[in-house]
Amino acid sequence: MADPMKIRAAMKGDVCEIRVLMSHAMETGMRKDSDGKTIPAHFIQTLTVALNGKAVVSGQAAPSVSRNPVFGFKVKGAKSGDKVTVSWVDNKGDKRSDEATVA
Amino acid sequence: MDHSPQKRMLVGALSTLGALGALTFSASALAQEIDHAKAAIEFEKFRAEMEDSNPSELFELKGEELWKAKRGPKNVSLAESCDLGQGIGKIEGAYVQMPRYFADADAVMDAERRIVWCMVEKQGFKFDDIAKKPFATDTFTPDATNLVTYVAAHSKNMKIAVPLKDPKVKEAWEIGKEMAAYRAGPYDFSCNTCHGTDGKRIRMQDLPNLATAAGAIKGVQGWPGYRMTGGIQLTHQWRMTDCFRQQRFPAPKYTSDAIAYLLTYMIGNANGQVYKGPGIKR
C-alpha cells in the first residue's frame, strides 16, 4: 500500500490554503536502471481534493512532476473545522486517500 | 491546480544562477567572488522556501510507524525498548544531546549508531543485514534513515547540547579533532584541507569550517535531510561516508567509532546553537 500523505490546511483570510506532500516514486518511464533496463513508468495520474465530501479540485498529474511532489491549492468557501480529503490514483491503479481538518 | 511548486521555483533559481553565470564571464576575479556570494544567498532563499513543505516529513511519518511497531525476531518496539539517553522510548530532545556515552554499549554513539544498536540488541535484527544497504537510493530508504528522521524531528528548535563534560565524550571529541586533521591518501587530504578554513568552496558549494561554531552548525543543520538532487533522504552517517570518499579514504564502517568521533567533534563544536530539525539540501 502507498505511504500516507502529509496534508496541511489553514484559513488565510477567506481563502483556505491547502498544502499536500505526497510520497510517490513518480517514475517517468524514461530512465534506465544500472543494467540498462527501462524503469517502468509509475506516476500519479489523477488527484482530487474534497471539502466535507464535496469535490473542489480534480486534476491530472503527469510523469514530469517530481518524486515526492508537493501540491498547493487555494479554495474559497471553506471554514476552519472543515474536513479536507485528498486522494490520488496512479497509473498502476494504486491509490491513497488521506484527511485533515482545516485550521 | 498549482503544479509542483518545487519545479516552478527550481526554474526560477536556475535562471537566476544562469544570469549570474553570464555576468561573471566578463567580470574580474574579485567580482566573481561577489557574484558567488550573491548566488549562494539566492540559493539559500530558494532552499528556505522549500523547507516549508519539506519531504523530510514523509520519512518522519514512516519513522514514527517503525519506532512504535513491534518488529524484528524479538518482536518488540523501539518505543518500549530503546534508550536514546533520555530514558526508554523518550525521544524529545534526544537528537541534540547526541553523540553521548552509553554504558550498556560501552561506546560513544551518535543518533543513527544508537538506533541501529537498538535494532540489533533489542529487536534482534542482524547488523550485517542493516549494514549491507545503509543509505538511501532512489528506490529504497533504510529503516534507520526513517527512524533517525523521526527522532531528529523531536529535537526541532532545541539547543545542541553534546555532553562534552562527560570524560568519555570529551575523549571522543579529542579523537575526532585529531581525525579531522589527519592527512593521508593519494592527495594527502584531511577533513581540514576542505573544511578547516573559512570561505572555501568547491564549485558552488560552500565548505563550512568545522572547527568554528559558525561553521560546525552548518555541518549539523539540515541533517538528516532530503536531497533535492535525486530526491532521497540522507543522514549524517551518509555525509561522513561520502566525505571519506571525497577525501579518497577507504569507506568507513557503518556506525563505526570513527564516524561517532568525527560527529562528536563536529556537533560538539556547534553546542549551544539551535537545531532546526530535519532539513532540505540542494
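Before any of the text, the structure's been laid out above.
Please read these numbers as outputs of a predicted model, since none were measured by experiment. Residue numbers restart at each chain and count upward from 1, following the sequence in its written direction. Both sets of labels track the order of writing: A upward for chains, 1 upward for ligands. Note on the predicted model: pLDDT of at least 70 is required for a residue's local features to be given, and 80 or more for side-chain atom pairs to be given and counted; whole-chain, interface and lining totals, by contrast, use all residues. The basis for the side-chain values is all heavy atoms of the structure; hydrogens and waters are excluded.

Student: Whenever I open this one, the packing of aromatic side chains confuses me. Can you help?
Tutor: Working definition: an aromatic ring pair is given by the centre-to-centre distance plus the angle between the planes. All names here are of chain B. Pairing of aromatic side chains here covers Phe, Tyr and the six-membered ring of Trp, requires ring centres within 6.5 Å, and sorts the geometry by plane angle: under 30 degrees stacked, over 60 edge-to-face, intermediate tilted. Under the counting rule described, the total for this entry stands at nine aromatic pairs over all chains. For the cation-ring pair, Arg-114 lies above Phe-102, with the distance from its terminal atom to the ring centre recorded as 3.9 Å. Definition used: whenever NZ (Lys) or CZ (Arg) falls within 6 Å of the ring centre and also within 35 degrees of the ring normal, the charge is taken to sit over that ring. Across from the ring centre of Phe-140, 4.3 Å away, lies the NZ or CZ of Lys-133, which sits over that ring.

Student: Explain the pattern of salt bridges here, please?
Tutor: It is possible for side chains of opposite charge to pair when their charged atoms get near one another. Should a side-chain nitrogen of Lys or Arg be within 4 Å of a carboxyl oxygen of Asp or Glu, the pair is scored as a salt bridge. All chains considered together, the criterion is met by 18 salt bridges over all chains. Here B:Glu57 ties to A:Arg8 by a salt bridge, and the two come within 2.6 Å at their closest N and O atoms. Placement of B:Glu57 in helix α3 (residues 56-68) and of A:Arg8 in strand β1 (residues 6-12) is noted, with the two residues assigned to different chains. Each residue is placed in one exposure class: buried if its accessible area under a 1.4 Å probe, protein chains only, is under 20% of its type's maximum, exposed if it is over 50%, and partly exposed if it falls in between. The exposure class assigned to B:Glu57 is buried, which follows from its relative accessible area of 12%. Note that B:Asp143 is salt-bridged to B:Arg71, the shortest N-O span being 3.1 Å. Of this pair, B:Asp143 sits in helix α6 (residues 143-153) while B:Arg71 sits in the loop between α3 and β1 (100-102); the two residues are 72 residues apart in sequence, bridging distant segments of the chain. Judged by relative accessible area, B:Asp143 falls into the partly exposed class, the value being 29%. You can call B:Arg71 buried: its relative accessible area is 17%. Under the DSSP-based scheme used, a helix requires at least four consecutive residues in state H or I and a strand at least two consecutive residues in state E, with every element numbered from the N terminus.

Student: Even after reading the chapter, I still don't get the sheet that holds strand β9 (residues 278-281) of chain B, so can you show me in this structure?
Tutor: Each strand in a sheet pairs with its neighbour through backbone hydrogen bonds, running either in the same direction (parallel) or in the opposite one (antiparallel). Residues and elements named next belong to chain B. Any two strands are treated as partners once DSSP identifies two or more bridges connecting them. Read from one edge of the open sheet, three strands run β7-β6-β9, paired in mixed fashion. Each edge of the open sheet carries a strand with a single partner, namely β7 (232-234) and β9. This sheet shows a mean twist of 30 degrees between the axes of neighbouring strands, independent of strand direction. Relative to β9, strand β6 (residues 222-227) runs parallel, the two being bridged by four bridges. The residue of β9 that forms the bridge with Gly-222 is Pro-278. Packed on one face of the sheet, helix α10 (residues 236-246) meets β6 and β7 and runs near 80 degrees to β6. Only the stretch in contact is used when a helix axis is fitted, and all axes are lines through C-alpha atoms; the angle between N-to-C directions ranges over 0 to 180 degrees. Residue contacts are counted whenever heavy atoms from the two residues lie within 4.5 Å of one another.

Student: Would you explain the interface of chain A and chain B in this entry?
Tutor: Quite often, the size of an interface is put as the accessible area lost when its parts meet. On the side of chain B, 21 residues touch chain A, which itself brings 24 residues to the contact. Summed over both partners, the accessible area (1.4 Å probe) lost when two parts come together is defined as the buried area. Across the chain A to chain B interface the summed buried area is about 2000 Å²; carbon plus sulfur atoms make up 51%. Counting across the chain A and chain B interface gives four salt bridges. Residue B:Asp138 is joined to A:Arg31 by a salt bridge in which the shortest nitrogen-to-oxygen separation is 3.0 Å. Polar contacts here mean pairs of N or O atoms no more than 3.5 Å apart (in protein, one a potential hydrogen donor and the other a potential acceptor; neighbouring residues in sequence count only if both atoms are side-chain atoms). Across the contact surface, chain A and chain B share six residue pairs in polar contact (both at pLDDT 80 or more). If you list the elements that add at least two residues to the side of chain A that touches chain B, you get β1, β2 (15-21), β4 (54-60) and β5 (70-76) of chain A. In this classification, Asp, Glu, Lys and Arg are treated as charged, Ala, Val, Leu, Ile, Met, Phe, Trp, Tyr, Cys and Pro as nonpolar, and every other residue, Gly included, as polar. Of the residues in the side of chain A that touches chain B, the class split is 11 nonpolar, seven polar and six charged.

Student: Where do I start with the sheet that holds β1(A) in this structure?
Tutor: Taken in spatial order, the three strands make up an open sheet running β1-β2-β5 (chain A), and their pairing is antiparallel. Edge strands, defined here as strands with exactly one partner in the open sheet, are β1 and β5 of chain A. Taking the axes of each pair of neighbouring strands and ignoring which way they run, one obtains an average angle of 15 degrees across the sheet. Examined bridge by bridge, β2(A) and β5(A) share seven bridges and lie antiparallel to one another. Across the sheet, residue A:Leu21 finds its bridge partner in β5(A), namely A:Val70. Relative to β1(A), α3(B) is tilted by about 125 degrees, and along the sheet it contacts β1 and β2 of chain A.

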